[in-house]
Amino acid sequence: MNQNFWENIQNVDRRWLYLILIVVVTAGLFINVEVPAEADESSKAFYVAVQDLNPERPVLLQSDWTNSTRGENAGHMEAILRILIHRKQKFVVYSLADPQAPQVARNVIRTLNKTLPDDQKLVEGRDYLDLGFFPNAEGTTQAMATNLRKIWGGRTTRTPDGGNVPIFETDVLRNVNR
């Protein structure tokens, strides 16, 4: 490009540039655009798969997202939890990828609990278990597939009355043998 073009741009009064910026930014507020409301096939398939789960068996929910991906993942996790709550399906949440991920999942559960009626609020040990972080994702996943009771056997959870109980004695995992 011509050097004079860039020199001319440099000499434009800043107030005009700010006016152009304001117009461009606010134009989106006044232009109506229809957003497609149809879910894609993978979302539909996931929903069908969740609906086909046996409601008597707990769901293992690996939550490895952190605050850095809250925009993409918080809504997904909340939607999954709402489906599980509606189905009265017990679940276990754990993390394999990042030590801060369990706290992010706890925050979503706590926030979701604030919106639920008292009779639907999630209670740890009765409705779900929070097992926290497991390092070594590959080894942990393989050990879980081999013998879940062995790898999780030493874990305890808080009961609603404030005590501790082994996780396989809770309502969530009592009947899980493999």
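Residues numbered from 1 in each chain as written. Predicted model: local features only at pLDDT ≥ 70, side-chain atom pairs only at ≥ 80, totals over all residues. Heavy atoms only, no water.

So, about the nonpolar core. In terms of nonpolar packing, the biggest core is built from 18 residues, with Trp65, Met77, Leu81, Phe91, Ile109 and Leu122 touching the most fellow members. Those residues within four positions of Met77 in sequence are excluded, and the remaining contacts are Leu61, Ser63, Trp65, Val93, Ala105 and Val108. By size, the runner-up hydrophobic cluster in this structure holds 14 residues, among which are Leu96, Leu129, Phe134 and Leu173. (Core = buried A, V, L, I, M, F, W, Y, C linked by side-chain atoms within 4.5 Å. Buried < 20%, exposed > 50% of the residue type's maximum accessible area, 1.4 Å probe, protein only. Contact = heavy atoms within 4.5 Å.)

Moving on to a nonpolar patch on the surface. On the surface, Phe5, Trp6, Ile9, Val12, Trp16, Leu17, Leu19, Ile20, Val23 and Val24 cluster together to form a nonpolar patch covering roughly 950 Å² of accessible area. At the level of secondary structure, the elements contributing two or more residues to the nonpolar patch comprise α1 (3-10) and α2 (14-30). Looking at which element gives the most residues to the nonpolar patch, the answer is α2, with six residues. Mapped onto the elements, Leu19 comes out in helix α2. (Patch = residues over 30% accessible without salt bridge, like charges linked within 9 Å, V, L, I, M, F, W, Y side chains within 5 Å. Areas by Shrake-Rupley, 256 points an atom, 1.4 Å probe, with all protein chains shown as cover. Salt bridge = Lys/Arg side-chain N within 4 Å of Asp/Glu carboxyl O. Helix = DSSP H or I, 4+ residues; strand = E, 2+ residues; numbered from the N terminus.)

Take unusual backbone geometry next. At Lys88, a position not held by glycine, the phi torsion is positive, near 55°. Here Lys88 falls in the exposed class, since its relative accessible area comes to 65%.

Next up on the list: the sheet that holds strand β1 (residues 59-62). Read from one edge of the open sheet, three strands run β1-β2-β3, paired in parallel fashion. Both outer strands of the open sheet, β1 and β3 (128-133), are each paired with one neighbouring strand and no more. With direction set aside, neighbouring strand axes in the sheet form an average angle of 15°. (Pairing = 2+ DSSP bridges. Axes fitted to C-alpha atoms, helices over the stretch in contact; angles between N-to-C directions.)

Once that is clear, we can look at the packing of aromatic side chains. Overall, the coordinates contain five aromatic pairs when judged by the stated rule. Aromatic side chains Tyr94 and Trp152 sit 5.8 Å apart centroid to centroid with 65° between the ring planes, which places their arrangement in the edge-to-face category. Highlighted residues: Tyr94 in strand β2 (residues 91-95) and Trp152 in helix α7 (residues 148-152), separated in sequence by 58 residues. By the burial criterion, Tyr94 is buried, and Trp152 matches it. Through a chain of ring-to-ring contacts, the aromatic side chains of Tyr94, Phe134 and Trp152 assemble into a single cluster. (Phe/Tyr/Trp six-rings, centres within 6.5 Å; stacked < 30°, edge-to-face > 60°.)

Time to look at the environment of His76. Structurally, the position occupied by His76 is in helix α4 (residues 70-87). His76 sits 51 residues away from Val25 along the chain, and the two C-alpha atoms are 29 Å apart.

We now examine the packing of α4 against helix α5 (residues 101-115). Packing of α4 against α5 brings their axes to within 10 Å, and their N-to-C directions diverge by 55°. Judged on the interaxial angle alone, α5 and α4 are oblique. Seen from above, α4 lies across α5 with right-handed handedness. The residues of α5 that touch α4, namely those facing Met77, Glu78, Leu81, Arg82 and Ile85, are Ala105, Val108, Ile109, Leu112 and Thr115. (Parallel < 35°, antiparallel > 145°, perpendicular 65-115°, else oblique. Left-handed = near helix turned anticlockwise from the far one by under 90°.)

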